[in-house]
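# A look at the structure
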Amino acid sequence: MRTILFILQKEFIQIFRNKTMLPLIFALPVVQLVVLVNAATFELKNVDIAIVDYDNTSTSRQLISHFDASPFFNVAMVPSTDHGMTALLDNSADVILTIPADFDRELRRENAGSVQFLVNAIDGMAAGLINVYASSIVQGFHQEIITGWFDIASGGSGLPVQITHRFWYNPNLIYSIYMLPGILVILVTVIGMFLTAINIVREKEMGTIEQINVTPVKKYQFIAGKLFPFMVIALFEFAFGLLIGRLFFNLPILGSLWLLFLVAFVFLLVALGLGLFLSVISSTQQQVMFTIFFFLLMFILMSGIFTPVESMPQWAQNINIINPFVYFMKANRMILLKGSGFMDVLNDLAALSVYAFIALGFAVWRYRKTV
Amino acid sequence: MNRFTGFVKKEFLHIIRDKRTMLILFGIPIVQILLFGYVLTNEIKDANIAILDHSKDETTARITNKLLSSGYFRLQSTIESEQEIEDLLRSGKARLVIIFESNFKKSMIRDGTARMQIIADASDPNTANMLVSYANAIVADFSRGLMVGQALPIKVDQQVRMLYNEELKGVFMFVPGTMALILMLLSAMMTSISIAREKEQGTMEILLVSPLRPVQIVLGKVTPYIGMAFINALVIIALGVLVFGMPVRGSLILLMAESFLFICMALSLGIFISTMANSQQVAMFISVFALLLPTMLLSGFIFPVENMHWILQGISHIIPAKYYIIIVKNIMIKGAGFLFVWKETLVLVGMMALLLLASVKKFKTRLE
Amino acid sequence: MNTQTDNKPIIAVRNLVKKFGSFTANDHLTFDVHKGEIFGFLGANGAGKTTAIRILCGLSAPTSGELTVAGFDVYKNADQIKKNIGYMSQKFSLYDDMTVWENIRFYAGIYRMRRKDIREKTADLLKKLDLEPVRDKLIAGLSVGWKQKLAFSIAIFHSPAIVFLDEPTGGVDPVTRRQFWEMIYEAASNGITVFVTTHYMDEAEYCDRVCIMTEGKIIAMNTPSKLKEEYDTDSMDEVFRKLARNVET
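Now for a quick tour of the structure. (Residues numbered from 1 in each chain as written. Chains lettered and ligands numbered in written order. Predicted model: local features only at pLDDT ≥ 70, side-chain atom pairs only at ≥ 80, totals over all residues.)

## Things to note about the overall build of chain A
- Within chain A one finds 14 helices and five strands.
- Taking 21 Å as the expected radius of gyration for a compact globule of 371 residues, we find that chain A reaches 29 Å, considerably beyond that expectation.
- Across its three principal axes, chain A shows a C-alpha extent of roughly 95 × 45 × 40 Å.
- For chain A, with 371 residues in total, the buried portion stands at 47%.
- Intrachain contacts of chain A at a sequence separation of at least 6 include 78% that bridge at least 24 residues. (Helix = DSSP H or I, 4+ residues; strand = E, 2+ residues; numbered from the N terminus. Rg over C-alpha atoms; globule rule 2.2 N^0.38 Å. Buried ≥ 20, exposed ≤ 12 C-beta atoms within 10 Å, placed from the backbone. Contact = placed C-beta atoms within 7 Å.)

In C-alpha cells:
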C-alpha cells in the first residue's frame, strides 16, 4: 500500500505541474459541453422556402400567407422555378413551392387543384420533416377554403379512432437533456482513456519505465498507481459536467447519485483498463493514440449516442455486446432522466463489472517488467 | 533538393514501418463508412412496445396487428394493468406503451369514436416523437379505411419531389461528413503529433541545425501525410459510390482538387497546432479532443446547422469541415460546378493561408 | 581497493546465451563477480554489454544459462534480486518534470524506505553533493553532469548490494567523469559491488577487474594490470586494440 501511495504522489505532482495540459484537461471539456449540447438537435426551424406564384390570385396568396404565418418557414418569393432551383443549388432555399398558373381556376371549376414541392433531400431526415410540415400547412389551407367556400362547419376530422399521446420523462421533448449525458460520457472517457494510455507509453519513450522495472514494485501496484489518478480526474469531470447540466440545462437528476457514480466508476475501470492495456502493448505514443482513436470513434458511434441501438442490424447489435459504451450510455441516461433504480441497471452494471475484470486483468497480465 | 527528397523518403519509411498505425490509418475510413452506411441509420425499426388492451376485441386486435406488421414496432410484452407501465418504461424494456380503452369496439359502434392512448418514453425525445407519429399515422390510416365513401368536397393535391435523393437515403449525409471528419482529424493529428514528437525527443534541434531549411523540414514531415490522406479520400469516395450508390454528378477532378485543398488546409492546422504544443500529448489533445466534437456537431455532418442558435451558427463559420461538406455535397449530389463552390473554396484557401502565416511567425519568434 | 575475494561470488554467470531471433547478442558468457568489486564490462558499441547488464537486472529474460545475482536465481527470484540491486541506465532516468527532492523521495519510496529515513538521508546526500540550493528545482534545469551524479546517488540510495551502471559516463566532460568515478570508489568502499559497462578504455583502468567483449563473446578477463602485462603494453586502449586484431584474424 505504501508503495502505491508513493506512485500516486508522483503521478499527481506530474499532472498538476503540467501547465499546458491542465487547462486542456479541465477547461476544454467544460467549454465543449456548454457549447455543443445545444448543437446536437434534430429539431427543425427556419426552413427557407422559395415560393413561385404563377397564379397570383387571392387564393394563391391565401396559401402563401399560411406559410408566412408558420414559425417553421422563412418565405422568399422567386419569379420562376428556375430561380428557385438556383436558390436550392446555393443553399439559400431548402424547398421550392410552385403554385401553377391556373390553381385558383381549377380549384373553383374542377374542385381540384395541385401544387408542387421540390425538396432538397440530401439530408433525408430533414427532407422528410419538411414534407410533413409543408403538407400540414397545405391541409390547413385546404380546411380553410372548404369551410370558407362551402360553408361547412369546421370540426374534427371525425375519424372513428381518437388517439392521444403522452410523453413521459421529457414532455417538452427537449433534446439537449437527452444529449447532455451522452456528450458527457464521451468527454469523460476521452480524457480518462487517453491520459492513462499516454502516461505509460510516455514513460516507455522517456526510458523512466526501465528504472521502475528494476525496482521491486509489483505489477498490480504499478497499474493501480497509474489508474487511480485518472479515475479521480474522470470522476471529478463527470461530477462537474452534471453540475453544469443541472445549472445551465435543467438536466433532471431523478435517480440516485450513488448509483450513478457506482456505474460511472465501474465503466471507467473498463475504459481506463482498456487504455492501460493498449498502452502496455504499444511502444510509441503515436501508436497508442491512433489505436485508441480508432476504437473510441467506433465504440462511441455504435453506443447509441445519436441513434437507437435497437434499430441497428443484428450483427452490429452482436458487436455491441462487447461495447462497454452501450451499457454506460444506457444506464447513465436511465438513471438521470428516468430515475431508474439499481434493479433496472443491474444487467448493465453486471456486464460492465465483467469487462472491468477482463480489461484490468489483461493490462496486468500483459504488462511485462521483463522484455 | 536532393537532400530534401532524402528527408521525405526517411519520413515516409518511418511512417510505413509502424504496421499497426498504418493499418489503423487506412482502416478508420473504411470502418467509419461501413458504420454509417449500415449501422447508424435514423430510420427506426423494431422499437420495443408494450400493449395494455382493456378491451381485447376484434378491432383492437386488428390495430395491434397493423402496428406490429409495420416493421417499426416489436411487441415486447402485453400487460394487464396501468401499474406495470412505469416499470416497463423506466427499465427501458419498452419505448412505447399503447393502451386501448375498455369496450373499444362497442364505443366505436355506439358513439362513433373509440379512444386509445400512447405513452412514450421521451427520455430520447427524437425517437419518441418519431415513434408516436408513426403510430399515429398507422392508426389514422386504419381509421380512414373504416370510413370509406365520405369524400371531401374539394381536393388540393400535393406533388412532392425529393430532389437529389428520392429515397431519402442517409448516404448523402454521411459520405461527405465522414470525408470531412476523417480527413480533418487524421491530417491534423498526424502532422501535429509527428512534429511534436521531434520536439519532445529533442531531435527537432538536430534537424534545425542541419542544412535543411525549417520550411523544408516541415514540408518533409507533411508530404507523406498528404499522400496518405489523399488515398483515404479516394477510398471513402470509392466506397460511397460502389457500395452505397452515391452519385458523382459533378466533375470528379474538381472534387479531387477540393479534397486536396481541404487536406492541405487540415495539415496546415496540424502544423499550427504543433507550433503551440511541445509534447505529443498536448498535440493530440488539441487535434483530437478540440476538433472531434465540433467537427462532428457544428459542421452540418449529423445535425443541420441552420437550426442552431445564432451563436452556434457563428461558431460554425470557423469550422473548416462545414465548407468542405458543402463543397462535396454540391459537387457529388447536385452536380454543381466551380461557380457554385468558389466562395467555400476561397474560405478554405484563406484559412490555410492564415494558419500557415501564423505558424511561420510563431516558428520564427521561437528561433530568435 | 577492496580486492579480497569471497568464496561465494555475488554474481555468478554460467553459459549465458541471449538470442534475438537468429542474432546472438550474448554467446555463452561465463564469469563471476565478487563482493565489493568494481567489475568492468568493456567493449565497442553493439558488443552485447547492455544486453548482459539488462539480463542481470531482470529487464530482459535470458535464452539459456545459469545466473545468480545477490545469491538469488534470475529465473525464480527476480523480485528478491530487485530489492538488492540499483540500476542506472544510459539515459539518466529521472523525471524531468519533478524536482530533485521529489525524484529522490519517489524512488526511495518504492524501495519501501521509511519517510523519516528518506528525509534524513536526502539531507545528507544533498549536502555532500552540494545540491542543497537546487533541492526544489526541476531536474530539467540541471546540467548533464549533475543529473548523472544525482541518478547514481539515487541508484544506490536504498543501499543495494550491487549497483549496475550502463555506460554511466556517456557524453560528459573528463572532469565530471573523474568526479563520477570518485563516487563509484566511495560506493565500493561502502561494500557495494559495482558492475559497470563502458566503451572508454581509460575507465577500464579504474576497475578492479575487467571483462572485454566483442561480438557477444568474452575474449579476455582479468585485472587491468595483468592484462597489460599479458599484452605487453602500458595502456588498456592498446590491450583492446591488440585483442580486436586477434579476433579479426
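Having put the structure on the table, let's press on.
## Digging into the overall build of chain C
- From N to C terminus, chain C includes nine helices and 10 strands.
- In summary, chain C has a C-alpha radius of gyration of 18 Å against a globular reference of 18 Å for 249 residues, a match within 12%.
- For chain C, the spread of C-alpha atoms along the principal axes amounts to about 55 × 40 × 35 Å.
- Burial status across chain C gives 44% buried among its 249 residues.
- Look at the contacts in chain C between residues 6 or more apart in sequence, and 71% of them connect residues 24 or more apart.

## Considering the interface of chain C and chain A
- Each partner contributes to the interface: chain C provides 22 residues, whereas chain A provides 21 residues.
- Listing elements by their share of the side of chain C that touches chain A, those giving two or more residues are α2 (78-83), β6 (85-88) and α3 (100-110) of chain C.
- Among the elements that take part in the side of chain C that touches chain A, α3(C) stands out by supplying four residues, more than any other.
- Of the residues contributing to the side of chain C that touches chain A, the split by class is 10 nonpolar, five polar and seven charged. (Nonpolar A, V, L, I, M, F, W, Y, C, P; charged D, E, K, R; others polar.)

## Describing the arrangement of the chains
- Considering every one of the two pairs of chains in contact, the largest contact total is recorded for chains A and B.
- At the C-alpha level, the nearest point of chain B lies 12 Å from chain C, with no contact between them.

## Brief notes about the interface of chain B and chain A
- Listed by partner, the interface residues are 102 residues for chain B and 94 residues for chain A.
- Top contributing element to the side of chain B that touches chain A by residue count: helix α6 (residues 125-146) of chain B, with 13 residues.
- Its residues placed into classes, the side of chain B that touches chain A shows 58 nonpolar, 25 polar and 19 charged.
- Pairing of strand β5 (residues 161-168) of chain A with strand β4 (residues 114-121) of chain B, which is carried by eight bridges, proceeds in the parallel orientation. Along β4(B), the bridge assignment pairs A:Arg166 with B:Ile119. (Pairing = 2+ DSSP bridges.)

## Here's the deal with the environment of C:Met98
- Inspection of the secondary structure assignment puts C:Met98 in the loop between β6 and α3.
- Discounting chain neighbours no more than four positions away, the residues touching C:Met98 are A:Lys10, A:Ile13, A:Gln14, C:Asn103, C:Leu138 and C:Ile139.

## A few points about the pairing of β4(B)
All names here are of chain B.
- Here β4 lies mainly inside the structure; six of its eight residues are buried.
- Where strand β3 (residues 96-100) meets β4, five bridges bridge the pair, whose relative direction is antiparallel. In the strand pairing of β4, leucine 96 is matched with alanine 120.

## Focus on the packing of helix α7 (residues 171-200) of chain B against helix α10 (residues 252-276) of chain B
Residue and element names in this part refer to chain B.
- Interhelical geometry of α7 versus α10 gives an angle of 35 degrees and a closest axis separation of 7 Å. α7 and α10 meet at a crossing whose hand is right-handed. In this structure, α7 uses Leu183, Met184, Ser187, Ala188, Met190, Thr191, Ser192, Ile195 and Ala196 to contact α10, whose residues at the interface are Phe262, Ile263, Ala266, Leu267, Leu269, Gly270, Ile271, Ile273 and Ser274.
- In the contact of α7 with α10, the residues fall into 13 nonpolar, five polar and no charged. (Axes fitted to C-alpha atoms, helices over the stretch in contact; angles between N-to-C directions. Left-handed = near helix turned anticlockwise from the far one by under 90°.)

## Concerning the packing of helix α1 (residues 2-17) of chain A against helix α9 (residues 219-249) of chain A
All names here are of chain A.
- Close contact between α1 and α9 brings their axes to 9 Å; oriented N to C, the two are set at 40 degrees. As far as their axial angle goes, α9 and α1 are oblique. Every pair of crossing elements has a handedness; the one defined by α1 and α9 is right-handed. For the pair α1 and α9, contact is made by Thr3, Ile4, Ile7, Leu8, Glu11, Phe12 and Ile15 and by Gln221, Phe222, Ala224, Gly225, Lys226, Phe228 and Pro229, respectively. (Parallel < 35°, antiparallel > 145°, perpendicular 65-115°, else oblique.)

## Observations concerning α1(A)
- Given a rise of 1.5 Å per residue, 16 residues ought to cover 22 Å, and the 23 Å separating the end C-alpha atoms of α1(A) matches this to within 8%.
- All of the buried residues along α1(A) are A:Phe6, A:Ile7 and A:Lys10. The buried side chains of α1(A) occupy one side of the element, clustering within an arc of 95 degrees when seen end-on.
- Where the residues of α1(A) are buried, they touch α9 of chain A together with α3 of chain C. (Expected span 1.5 Å × (residues − 1). Arc of directions from axis to C-beta.)

## Notes on the environment of B:Phe303
- Residue placement: B:Phe303 occurs in the loop between α11 (280-297) and α12 (310-316).
- B:Phe303 sits in the buried class, given 25 other C-beta atoms within 10 Å.
- Sequence-distant contacts of B:Phe303, defined by excluding residues within four places in its chain, comprise A:Ala39, A:Ala40, A:Thr41, A:Phe42 and B:Leu297.

## Considerations on the sheet that holds strand β8 (residues 193-198) of chain C
Residues and elements named next belong to chain C.
- As summarised here, the arrangement of the six strands in space is β6-β7-β8-β3-β9-β10, forming an open sheet in which the pairing is mixed. What marks the edges here is a single partner per strand, and that holds for β6 and β10 (217-222). Averaged over neighbouring strand pairs, the angle between their axes works out to 15 degrees when direction is ignored.
- As judged from the five bridges shared by strand β3 (residues 38-43) and β8, these two strands associate in the parallel manner. When the bridges of β8 are listed, leucine 42 appears paired with threonine 198.
- The strands touched by helix α5 (residues 144-155) within the sheet are β6 and β7 (162-166), with β6 carrying the most contacts at an inclination of about 165 degrees.

## Quick word on the nonpolar core
- Core analysis: the biggest nonpolar cluster contains 292 residues, and A:Val95, B:Leu96 and B:Leu183 have the highest contact counts within it.
- For this core, the element with the highest residue contribution is helix α7 (residues 175-206) of chain A, accounting for 20 residues.
- When sequence neighbours within four positions are dropped, the list of residues in contact with B:Leu96 reads B:Ala47, B:Ile49, B:Ile118, B:Ile119, B:Ala120, B:Leu131 and B:Ala135. (Core = buried A, V, L, I, M, F, W, Y, C linked by C-beta atoms within 7 Å.)

## Concerning α7(A)
Residues and elements named next belong to chain A.
- Spanning 32 residues, α7 covers 46 Å between terminal C-alpha atoms, matching the ideal 46 Å at 1.5 Å per step.
- Counting buried residues in α7 gives 29 out of 32 residues, a clear majority hidden from the surface.
- Looking at the residues trailing α7, positive phi occurs at glycine 207, about 90 degrees.

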